[in-house]
Amino acid sequence: MTIRAIIDTDPGIDDAVAILLALASPAFEILGITTVAGNIGIATTTRNAGRICALMGREVRIEAGAAAPLARKGFDTAEIHGADGLGGVAFPPAARPAGADAVGFLAETLLREPAGSVWLLTLGPLTNIARLVTDHPAAAARIGRVVAMGGAVHDRGNIGPRSEFNMAADPEAADIVLGAGLPLVLIPLDVTRQVRASPEDCAALHAAGTPQAEYSARLIEAYFQSTTVTGPGAESRPLHDPCVMLQALDPGLFGLEPMGLAVDLGPTRDAGALTPDAARPPVQVALRVQGRAAVARLIAGLS
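Bear in mind the structure is a predicted one, so any value in this text is a computation, not a measurement.

**Q** For the sheet that holds strand β1 (residues 3-9), give the residues involved together with the corresponding values.
**A** Pairing is mixed across the open sheet formed by eight strands, whose spatial order is β3-β2-β1-β4-β5-β6-β10-β7. The open sheet has two edge strands, β3 (62-64) and β7 (254-259), and neither has a second partner. The mean inter-strand angle of the sheet, taken between neighbouring strand axes irrespective of direction, is 25 degrees. Judged from the five bridges that link them, strand β4 (residues 118-122) and strand β5 (residues 143-149) form a sheet pairing that is parallel. Across the sheet, Thr-122 pairs through a bridge with Ala-148, a residue of β5.

Laid out in C-alpha cells, this is it:
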C-alpha cells in the first residue's frame, strides 16, 4: 500500500531525518510539506524544508503555516538544533519558493482527494492541524489518519515535569486536535526515548552511499554533540520524529493502546501535559516499541 501523505513539520534535526526517510521510501507518496514555527522561527523551518527536498532532488510543494502558537509565546531550541535548525549540516539551497497558506493547502488537498486517502504525518506543534479542524471541519473529516509525534503519557516530560515540547509549544492546539475525534496515532516520549542511534549506526549510514543516509548520519552526529554522554555505549538524543514515519511504514514495531487524553492548559510548566481521560475521544497511543529494530528499519530505509 502506498501511503499518500502531507508532512507537517518544524525542521529540526530529527524532523530532517524523518523527512529524508519519507522522501526516500517508495511506500510514501508525499503530496506536500507544511511548516510550523516549532523548533525555530517559521522562516527557518520553511527554508529547511526546501533545503531537505533540494538534497533529494524533489520538487515537493511547501507551504508555510503558523508563525506562532494559537495563544502563547513559542520556544527557541537553537541549543539543541543549532541556529540553522539543522545542526550546522550544510544542505543545498531550496530549489523553489514556498507558499504561505499551509492550512488552505491542507484543506484544498483533503477536499480534492478521495475521503480517507490522505494521511497527515505531524512532527511539530499541532497549530496548523488545529486551525484545519476549526476553520475547515469538512476537510478535516476526510483525513485518512494522523500520525503525530508528541506528548508524554507515563514518562517524564522534556520541557516541564510532565510536558513534552510539541504539546507544550501549543497546548491549545493539542487540545483541539486530541479532542476532535480524528483517526489519530500518537507517538509520545514513552517510546521515542527508546529509539536512539549509536556511533556504529552512524558508521553504517555513512557506508550506505546514499545522500539521505550520509546526511542523516551527519544530522545524528550533531545530536551526539549536543549530549554529554560520550565513549563506549554512547547513544544519540532520541530520534523522536522518525518514529512517525517508522510507525506508518512498519506498525508492528509499536504497541498501541486506545486512550482518551486531556491536555493541561494552565500557566505552569506542565502546560501541554497529557492525562488519561476516559471522557475524551480515544486515540491510539504508542506505549511500546522495539527500539533496536526501529533503528535498524530506519537505517535500512535510508540506505
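Next comes the rest of the write-up.
**Q** Just give me the short version of the pairing of strand β6 (residues 184-187), but keep the residues and values in it.
**A** Remember that side chains alternate between the two faces of the sheet whenever the strand is regular. Of the two faces of β6, both are covered, the one formed by Leu-184 and Leu-186 as well as the one formed by Val-185 and Ile-187. Looking at chain direction, β5 and β6 are connected through four bridges and run parallel. Note that in β6 the partner of Ala-148 across the bridge is Leu-186.

**Q** Please give an account of the side chain of Asn-128 that cites residues and values.
**A** Within the secondary structure, Asn-128 is located in helix α5 (residues 127-135). For Asn-128, a relative accessible area of 0% corresponds to the buried category. Within polar-contact distance, the side chain of Asn-128 engages the backbone nitrogen of Ala-66 at 2.9 Å. Ignoring anything within four residues of it in the chain, the contact list for Asn-128 reads Asp-8, Thr-34, Thr-35, Val-36, Gly-65, Ala-66, Ala-102, Val-103 and Leu-106.

**Q** Outline the pattern of salt bridges, supporting the account with residue identities and numerical values.
**A** As enumerated under the stated definition, the model contains 13 salt bridges in all. Taking the shortest distance from any N to any O, the salt bridge between Glu-172 and Arg-72 comes out at 2.9 Å. Of this pair, Glu-172 sits in helix α8 (residues 171-178) while Arg-72 sits in the loop between β3 and α3 (78-81), and the two are 100 residues apart along the sequence. Across the salt bridge formed by Arg-218 and Glu-214, the nearest N and O atoms sit 3.0 Å from each other. In this pair, Arg-218 and Glu-214 are both assigned in helix α11 (residues 211-225), four residues apart and thus about one turn of the helix distant. According to the relative accessible area criterion, Arg-218 is partly exposed, its value standing at 35%.

**Q** I'd like a description of the environment of Val-89, backed by residues and values.
**A** Structurally, Val-89 can be placed in the loop between α3 and α4 (102-112). C-alpha of Val-89 to C-alpha of Leu-219: the two residues are 130 residues apart in sequence and 6.6 Å apart in space.

**Q** How would you summarise the nonpolar core if you had to cite specific residues and measurements?
**A** Core analysis: the largest hydrophobic core is formed by 64 residues, its most contacted members being Ile-7, Phe-28, Ile-30, Ile-33, Leu-121, Leu-219 and Met-245. Ranked by residue count, the leading element in this core is helix α1 (residues 13-24), at nine residues. Apart from the residues within four sequence positions on either side, Phe-28 is in contact with Thr-2, Ile-3, Ala-22, Leu-121, Met-245, Ala-248 and Leu-249.

**Q** Requested: an account of the side chain of Thr-192, with residues and values cited.
**A** Here Thr-192 lies in helix α9 (residues 189-192). A polar atom in the side chain of Thr-192 sits 2.7 Å from the side chain of His-240. Apart from residues lying up to four places away in sequence, Thr-192 is in contact with Met-149, Ile-187, Pro-238, Leu-239, His-240 and Cys-243.

**Q** Please give an account of the state of the cysteines that cites residues and values.
**A** What the rule picks out here adds up to zero disulfides. No disulfide involves Cys-202; its nearest neighbouring cysteine sulfur is the one of Cys-243, lying 15 Å away. Cys-243 gets classed as buried once you look at its relative accessible area, which sits at 0%.

**Q** Describe the packing of aromatic side chains, with residues and values.
**A** Under the defined criterion, the tally for this structure stands at one aromatic pair. If you follow Arg-218 out to its NZ or CZ, it ends over the ring of Tyr-215, 4.6 Å from the centre.

**Q** Could you give an account of helix α13 (residues 291-302), naming the residues involved and the relevant values?
**A** Over its 12 residues, α13 extends 17 Å from the first C-alpha to the last, a length consistent with the 16 Å expected when each residue adds 1.5 Å. Every buried residue of α13 is listed here: Gly-291, Ala-294, Val-295, Leu-298, Ile-299, Gly-301 and Leu-302. Taken end-on, α13 shows its buried residues confined to a sector of 165 degrees, consistent with a single buried face.

**Q** Any chance you could break down empty space enclosed by the protein for me, citing the residues and the numbers?
**A** Taken as a whole, this structure holds one cavity of 30 Å³ or more when the rule is applied. Forming the walls of the largest cavity are Gly-50, Cys-53, Ala-54, Arg-58, Glu-59, Val-60, Ile-62, Ala-94, Ala-95 and Arg-96. In terms of residue count, helix α2 (residues 42-55) provides more of the lining of the largest cavity than any other element does, three residues in total. Considering only residue class, the lining of the largest cavity consists of six nonpolar, one polar and three charged.

Parameters and conventions
- Residues numbered from 1 in each chain as written.
- Predicted model: local features only at pLDDT ≥ 70, side-chain atom pairs only at ≥ 80, totals over all residues.
- Heavy atoms only, no water.
- Pairing = 2+ DSSP bridges.
- Helix = DSSP H or I, 4+ residues; strand = E, 2+ residues; numbered from the N terminus.
- Axes fitted to C-alpha atoms, helices over the stretch in contact; angles between N-to-C directions.
- Buried < 20%, exposed > 50% of the residue type's maximum accessible area, 1.4 Å probe, protein only.
- Polar contact = N/O pair within 3.5 Å; in protein donor to acceptor, adjacent residues only side chain to side chain.
- Contact = heavy atoms within 4.5 Å.
- Salt bridge = Lys/Arg side-chain N within 4 Å of Asp/Glu carboxyl O.
- Core = buried A, V, L, I, M, F, W, Y, C linked by side-chain atoms within 4.5 Å.
- Disulfide = S-S within 2.5 Å.
- Phe/Tyr/Trp six-rings, centres within 6.5 Å; stacked < 30°, edge-to-face > 60°.
- Lys NZ or Arg CZ within 6 Å of the ring centre and 35° of its normal.
- Expected span 1.5 Å × (residues − 1).
- Arc of directions from axis to C-beta.
- 1 Å grid on protein atoms, 1.4 Å probe; cavity = no way out; pocket = protein on both sides within 12 Å on 5 of 7 lines; lining within 4 Å.
- Points joined across faces, edges and corners; volume = space filled by probe spheres on them.
- Nonpolar A, V, L, I, M, F, W, Y, C, P; charged D, E, K, R; others polar.

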